Amino acid sequence: MGIETQLRRAITVFRFAALGYPLVMCAILFGVLVRPVTALLLVASIALWTWLVSASYARHGFKTSLLYADLAATVAAVVASAWALELSDRTAGISVGPWQAGAVLVWAVSGGRRRGVIAAAVISAVTMLFRGGINENTVSEAILLILTGLMVGHLTRLAVEAERRMRQAAARSAAARERERLARDIHDSVLQVLALVQRRGNEVGGEAAELGRLAGQQEEALRTLISSESYRHPLDGQRDVRELLGKHSGESVTIAAPAVPVRLPSRYAHQLAAAVSSALDNVREHCPEGTHAWMLVEDDRNAVTVTVRDNGPGMAPGRLAEAAAEGRLGVAQSIQGRIEELGGEVVVVSAPGAGTEVEMRMPRPRPKAGGHGDTDGGR
Amino acid sequence: MATLMVVDDHPIWRDAISRDLGEAGHEVVACLGEGRQALTAIRQHQPQVAILDLQLPDLSGVEVLRALGEDCSTEVLVLSASGESDDVLEAVKAGARGYLLKSASTAELLEAVERVAAGDAVFTPGLAGLVLGEYRRLAGAPAEEQRPRLSERETEVLRLVAKGLTYKEIAARLYLSPRTVQNHVQRTLGKLQLHNRAQLVRYAIEHGIDEA
């Protein structure tokens, strides 16, 4: 049951209890009521309305039309009470008392403090207009009513927000638990079998080797899938670089990275990942089949560095500058452009016969003063 | 050739591996499926290398590693289906000499077994990346904690291992002997294991487990 439902029920109880005030007052002062029958009729219709509107809220929730009707009825009851509950021995008649706060509570709970204050102001204004003008009583009543609307509205927002967060956290931890259970199961069974198929397939050779290779690919894919850690470490506004790069892991790419999340603000992380993709594309494009690439992810607090190394034929010094001069800007533009745009740097080291190494260093933006710059990589 | 023991709860796996190792000329002294059994058997037979799965029905592989401690002459090579970085780090910190995934080829397994039997650590690029990351994580830990540090040379070597260079290639690049490269790598692991043991002891003392 949500917090709103609970509050709605509490308000219903309050409204019926608050009906006691005009009832008891009428009973005590029955002798001096100017119009006893009309008074009884009014109290009866207030009770009927209370029941009706509470039942409607229970069925339809806080519908706007219902809220307006409720406020209108409350205003009407306040106006009517000035005449129907008139007493012969004093200037002011009986009021509906705390009952009028019911509408304020409903407005505050459903719409927050501003709505709560509006409802309270409307009712107070009507009270002053029709029941004795501006005096000590009506003013203090108005202040109490407005305070009620303000505070209940505010607290409700806080409670609803807290509830939403709690529910999110619960869902997240349930998802994480389920995922971990699945991961364990998969480790225990599927991965073992896939690895076995790969192993035996390679030994038997021929078509079985192809099957083994496929099993190996699936194993890799499954492993990446179940080891995605974002569920375990929620990262607000940040991305785990390892997770973005994980998809590259496979037969021809080996990834080395820390065990803890490597966080960067989302934009930086994606830009870095895109640069890494370009570097790998480059290896695929320019190196012969069978070239292997290694990727190292490092986190030194101030920056995240990803190095992509291949064991391909490599390039002569100056080859990159030449390509850029010829107007072919593949590597230069897509890698350097992306990294340098955000203040990072790229170093390319290559020699014929020694492969190529591209080191991309993406700085961590300094947390803004005042903001909570929680970017520490620890757990 | 070396004396080996295979500990894995998966019978097909156990058989496949011990057959491969046997065919390669090694002597497999026992094949077991449970952690406690394995502990007794390792202490009794003292094989050169125990090939250990992390997922065992009674004790976990890491618990077996911790129970073995340093006074045992057997080196442990973990062969696990799990590539989860936490599992890998924990096993290595608990004293494993190497960590291979079950998807490793027979040739890779044989090479790893021979290297571990010779007293060397088996560092895959992935493991090097994890160890580098762990040192950096520890460097950011609260200052009162005793934390292990890598020398500049060690960092350099580990980075090259993580980037997929072989010890030979690293040696050529840094003008060192392959033996020296191996020593550097070994030391990075040793310091981490020592730190881990010290922490476990401290934890035990702080929580009164030691008094028993």
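Please read these numbers as outputs of a predicted model, since none were measured by experiment.

Sorry, what's going on with the overall build of chain B here?
Helix and strand counts for chain B come out as nine helices and five strands. On C-alpha atoms alone, chain B measures out to a radius of gyration of 17 Å, which is about the 17 Å that the 2.2 N^0.38 rule sets for 212 residues. Based on the C-alpha atoms only, the size of chain B along its principal axes is roughly 50 × 45 × 25 Å. The buried share of chain B, reckoned over its 212 residues, is 52%. Of the contacts made within chain B by residues no fewer than 6 positions apart, 65% connect residues no fewer than 24 positions apart. Accessible area for chain B stands at about 9500 Å²; split by element, carbon and sulfur atoms hold 50% of it. For chain B, the distance from the average site of its 23 positive side-chain charges to the average site of its 31 negative ones is 8 Å.

Got a minute to help me understand the environment of G314(A) in this structure?
All names here are of chain A. In this fold, G314 is placed in the loop between strand 5 (303-310) and helix 10 (319-325). Taking relative accessible area as the criterion, G314 reaches 24% and is therefore assigned partly exposed. G314 sits 312 residues away from G2 along the chain, and the two C-alpha atoms are 63 Å apart. Beyond its immediate chain neighbours, meaning those up to four positions away, G314 contacts S350, A351, P352, G353, G355 and T356.

It is not clear to me how the interface of chain B and chain A should be interpreted in this structure. Could you clarify?
A common way to state how big an interface is: give the accessible area lost once the parts meet. Each partner contributes to the interface: chain B provides 38 residues, whereas chain A provides 36 residues. Roughly 3100 Å² of surface becomes buried between chain B and chain A when both sides are summed, with 47% attributable to carbon and sulfur atoms. Applying the counting rule to chain B against chain A returns six salt bridges. Taking the shortest distance from any N to any O, the salt bridge between E298(A) and R136(B) comes out at 3.3 Å. Scanning the region where chain B abuts chain A turns up eight residue pairs in polar contact (both at pLDDT 80 or more). Taken together, the elements giving at least two residues each to the side of chain B that touches chain A come down to helix 1 (11-23), helix 4 (85-93), helix 5 (106-117), helix 6 (125-139) and helix 7 (152-162) of chain B. For the side of chain B that touches chain A, the element with the highest residue contribution is helix 6 of chain B, accounting for eight residues. By residue class, the composition of the side of chain B that touches chain A is 14 nonpolar, 13 polar and 11 charged.

Any chance you could explain the domain arrangement of chain B here in plain terms?
All names here are of chain B. Annotation of chain B at the domain level lists domain 1 (3-121) and domain 2 (126-211). The interface is formed by 15 residues belonging to domain 1 together with 14 residues belonging to domain 2. Taken together, both faces of the contact between domain 1 and domain 2 bury some 1300 Å²; the carbon and sulfur share is 58%. When residues of domain 1 are sorted by the area they lose upon contact with domain 2, L89, V92 and K93 head the list and together hold 42% of the total. If you look at where domain 1 meets domain 2, you find two salt bridges. As a salt-bridge pair, R179 and D120 come within 3.1 Å of each other at their nearest N and O atoms. Where domain 1 touches domain 2, the interface holds seven residue pairs in polar contact (both at pLDDT 80 or more). Element by element, the count of residues in the side of domain 1 that touches domain 2 is highest for helix 4, at five residues. Taken together, the residues of the side of domain 1 that touches domain 2 break down into six nonpolar, three polar and six charged.

I tried to follow unusual backbone geometry on my own but got confused; where do I start?
Most peptide bonds are trans, and most residues other than glycine sit at a negative phi. Of note, the phi angle at R301(A) is positive, near 75°, even though the residue is not glycine. Relative to the assigned elements, R301(A) resides in the loop between strand 4 (293-299) and strand 5. R301(A) gets classed as partly exposed once you look at its relative accessible area, which sits at 44%. Of note, the phi angle at Y175(B) is positive, near 55°, even though the residue is not glycine. Within the fold, Y175(B) resides in the loop between helix 8 (167-174) and helix 9 (178-206).

Help me out: how do you make sense of the side chain of T291(A) in this one?
All names here are of chain A. By the secondary structure assignment, T291 is in the loop between helix 9 (266-286) and strand 4. Polar side-chain contacts of T291 include one of 2.6 Å to the backbone oxygen of P288. Not counting residues within four places of it along the chain, the set of residues in contact with T291 comprises S252, V283, D310, N311 and G312.

Teacher, can you tell me more about the sheet that holds strand 4 (residues 75-80) of chain B here?
Strands in a sheet are paired, the pairing made by backbone hydrogen bonds, and the direction either parallel or antiparallel. All names here are of chain B. Pairing is parallel across the open sheet formed by five strands, whose spatial order is 2-1-3-4-5. Both outer strands of the open sheet, strand 2 (27-32) and strand 5 (98-101), are each paired with one neighbouring strand and no more. Taking the axes of each pair of neighbouring strands and ignoring which way they run, one obtains an average angle of 20° across the sheet. Bridging between strand 4 and strand 5 involves four bridges; their strand directions are parallel. By the bridge assignment, S80 is partnered in strand 5 with L101. Against the sheet, helix 1 engages strand 1 (3-7), strand 2, strand 3 (49-52) and strand 4, with an angle of about 175° to strand 2.

Would you take a moment to explain the nonpolar core for this structure?
One finds L65(B), V78(B), F123(B), V131(B), V161(B) and I170(B) to be the most contacted residues of the largest nonpolar core, which totals 53 residues. Not counting residues up to four positions away in its chain, the partners in contact with V161(B) are F123(B), T124(B), P125(B), A128(B), Y167(B), I170(B) and V185(B). L67(A), W99(A), V106(A) and L145(A) belong to the second largest nonpolar core, which has 37 residues in total.

Even after reading the chapter, I still don't get the sheet that holds strand 5 of chain A, so can you show me in this structure?
Residues and elements named next belong to chain A. Overall, mixed pairing links the five strands, which are arranged 2-4-5-7-6 in an open sheet. Of all strands in the sheet, those bounded by a partner on one side alone are strand 2 (253-256) and strand 6 (345-350). Along the sheet, successive strands turn relative to each other by an average axial angle of 15°, direction set aside. Bridge analysis of strand 4 against strand 5 gives seven bridges, and the strand direction is antiparallel. Its bridge partner being in strand 5, E298 is matched across the sheet by T305.

Which parts of the structure should I look at to understand the environment of D310(A)?
Residue and element names in this part refer to chain A. For D310, the location among the structural elements is in strand 5. The buried category is assigned to D310, whose relative accessible area is 4%. Residues D310 and E357, 47 residues apart in the sequence, show an inter-C-alpha distance of 6.6 Å. Aside from chain neighbours lying at most four places away, what touches D310 is V283, C287, T291, H292, A293, G355 and T356. A distance of 2.8 Å separates a polar atom in the side chain of D310 from the backbone nitrogen of G312.

Reading the values: rules and limits
- Residues numbered from 1 in each chain as written.
- Chains lettered and ligands numbered in written order.
- Predicted model: local features only at pLDDT ≥ 70, side-chain atom pairs only at ≥ 80, totals over all residues.
- Heavy atoms only, no water.
- Helix = DSSP H or I, 4+ residues; strand = E, 2+ residues; numbered from the N terminus.
- Rg over C-alpha atoms; globule rule 2.2 N^0.38 Å.
- Buried < 20%, exposed > 50% of the residue type's maximum accessible area, 1.4 Å probe, protein only.
- Contact = heavy atoms within 4.5 Å.
- Areas by Shrake-Rupley, 256 points an atom, 1.4 Å probe, with all protein chains shown as cover.
- Lys, Arg positive; Asp, Glu negative; His and termini not counted.
- Charge placed at Lys NZ, Arg CZ, Asp CG, Glu CD.
- Buried area = accessible area lost by both parts, 1.4 Å probe.
- Salt bridge = Lys/Arg side-chain N within 4 Å of Asp/Glu carboxyl O.
- Polar contact = N/O pair within 3.5 Å; in protein donor to acceptor, adjacent residues only side chain to side chain.
- Nonpolar A, V, L, I, M, F, W, Y, C, P; charged D, E, K, R; others polar.
- Domains from an automatic or database assignment.
- Pairing = 2+ DSSP bridges.
- Axes fitted to C-alpha atoms, helices over the stretch in contact; angles between N-to-C directions.
- Core = buried A, V, L, I, M, F, W, Y, C linked by side-chain atoms within 4.5 Å.

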